[in-house]
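# Coordinate inspection notes
Residues per chain, in single letters:
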Amino acid sequence: MPPSPEDLTLEKLQRWDRAHVWHAFTQMAEYEPFIIERARGCTLVDTEGREYLDGVSSLWCNVHGHRHPRLDAALREQLDRVAHVTSLGASNPTTIQLAKRLVDVSPEGLEHVFFSSDGSCAVEVAIKMSLQYWRQKPSPQNDKTLFLALGDAYHGDTLGSVSVGGVARFHAMFEPLLFEVLRLPTPNAQRPPAGCEDDAGLTYHVAQLEAVLQEHHSRIAAMVIEPMVQCAAGMVMHPPGYLRAVRALTRKYDVHLIADEVAVGMGRTGRLFACEHEGVSPDFVCLGKGLTGGYLPMSATLTSTEAWNAFLGEYADSKQFFHGHTFGGNPLCAAVALATLDVFEEEQTLAKLPARIARIAEQLAPLREHRHVGNVRQCGMIAAVDLVQSRTTNEPFPWEEKRGLQVCHEALKAGVWLRPLGNIVVVMPPLAVAENEIDRICQAVCQGVAAATATTIAK
Ligand SMILES: *Cc1c(COP(=O)(O)O)cnc(C)c1O
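These remarks concern the structure in this document.

What counts and how
- All chains use their own residue numbering, which begins from 1 and follows the written sequence.
- Side-chain atom pairs in this predicted model are given and counted only at pLDDT of 80 or more, local residue features only at pLDDT of at least 70, and totals for whole chains, interfaces and linings cover all residues.
- Excluded from the side-chain calculation are hydrogens and water; included are all heavy atoms of the structure.
- Here a helix means four or more residues in a row that DSSP labels H or I, a strand means two or more in a row labelled E, and each is numbered from the N terminus.
- Relative accessibility decides the category of a residue: with a 1.4 Å probe and only protein chains considered, values under 20% of the type maximum give buried, values over 50% give exposed, and everything between is partly exposed.
- Whenever a nitrogen or oxygen atom comes within 3.5 Å of another N or O atom, the pair is scored as a polar contact, on the condition that within protein one atom can donate a hydrogen and the other can accept it, and that pairs from neighbouring residues in sequence are kept only if both atoms are in side chains.
- For two strands to count as paired, DSSP must find a minimum of two bridges between them.
- Residue contacts are defined here by distance: any two heavy atoms, one from each residue, within 4.5 Å place the two residues in contact.
- Only C-alpha atoms enter the line fits that serve as axes; for helices the fit covers just the stretch in contact. Angles between N-to-C directions range over 0 to 180 degrees.

### Concerning the side chain of Gln 389
Along the chain, Gln 389 falls in strand β14 (residues 382-390). By relative accessible area, which is 18% here, Gln 389 ends up buried. Of the polar contacts made by the side chain of Gln 389, one reaches the backbone oxygen of Pro 396; its length is 3.3 Å.

Below, the structure is given as structure tokens:
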């Protein structure tokens, strides 16, 4: 018999959590249960009623806040109709409407939507579609089997997405299982290559890209890129103009551009799609995380009619896309995703962002002077603070010292929940965050940085 709610003590929950739940990207030997029972807006509430501001959008996915009445109602209404319809040869009105809406709001030329359940799969789908396109297009190019990706890229945790990924600490272990990928240096605007000042960083990275394309284009199916910001890499921001140059060069050399907007899409950078900042239309766009406002597991791969046409034919030609997920296009998820897009319009979310973006910048500005802060950077609603041993050398703290985590522990005491990327403190609140909430989040970051860097191990 399941225990009655009275028997379900906090002690039991914590014990079972430690014993039975294997948490993602977490060292379970030292895991301390952090159990959120409820949430509203940008506030999370734990099992003891303690409140925390959600400073990282429940890991980069929440958009309009938790328990948004509009999203909750959409989910309930869909439940009264049907919870699941397969996308294998069948459809439902909600998912159809979502596909149409996504096509309407996305960059030009993206006309077809393939639904999966998570961001990793959205990337896998784009990779497989690209490869299959080159093999099935009117004059096939069967040699196009290579993919081009950036240093420190992160595109998810399934094997295809790990293959195009390049974060050594996450990915090195699985190397024997991965396919070959051509890798470019990380276009980090804050760390231009040696000898490159100002715009020379951009010129260098564009030249590197062109050199690889020139040599290998006949074998490259697609370049995969997180436009504007490589989030998991440590909120690495690209030099302005890089994305536009990538689009121009991939076109010139007849290579697909796959834009992984799983993290940067859905308004996170201040525009609905990050690609809009540089007027870019990719061949494939991957959406996830915020697609359902961060409510439910759903992702989407959008592509062009040119790509789609290569998959059309007689049944016996077997040209269809041989890929699908049981819950791809699930109508409960689709209902919430549709409502998420509605709320963008009804609440004029994007129009309200510039004030919030400016507020984050203003509130984090004092950190720019801090002796253990190497850099404070921001792209829309994504901000990052680099913790360093010394500003002059810009050398990060040894990662084993977990300085980023220490900042987050301090912030938690002040009622703000954050999760770092090593020595990088991330501020990425839901788009719906209020200005006074921004102040509290950023103040907790400032105090956390002060406390976590107060003790430096003498060397
Ligand atoms: C989170 C993320 C993914 C993976 O999405 P999941 O839903 O976790 O599989 C892929 N690409 C980027 C850029 C991401 O940030």
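### Topic: the pairing of strand β12 (residues 299-303)
The buried fraction of β12 amounts to five of the five residues, a majority that puts the element mostly inside the structure. Where burial is concerned, the two faces of β12 agree: the one with Ser 299, Thr 301 and Thr 303 and the one with Ala 300 and Leu 302 are both buried. Of the pairings in the sheet, the one linking strand β4 (residues 112-116) to β12 comprises five bridges and is antiparallel in character. Among the inter-strand pairings, Val 113 is bridged to a residue of β12, identified as Leu 302. In the sheet, strand β11 (residues 284-287) pairs with β12 via four bridges, with the strands oriented antiparallel. When the bridges of β12 are listed, Phe 284 appears paired with Thr 303.

### Quick word on the sheet that holds strand β2 (residues 43-46)
Here we have four strands laid out as an open sheet, ordered β1-β2-β3-β16, and mixed in their pairing. Unpaired on one side and paired on the other, β1 (36-40) and β16 (416-417) mark the two borders of the sheet. Inspection of the sheet shows β2 paired to strand β3 (residues 51-54) by three bridges, in the antiparallel sense. If you follow Thr 43 over to β3, its bridge partner there is Leu 53. On the sheet, helix α14 (residues 435-452) packs against β2, β3 and β16 and is oriented at approximately 95° with respect to β3.

The values are spatial; any link to function lies outside them.
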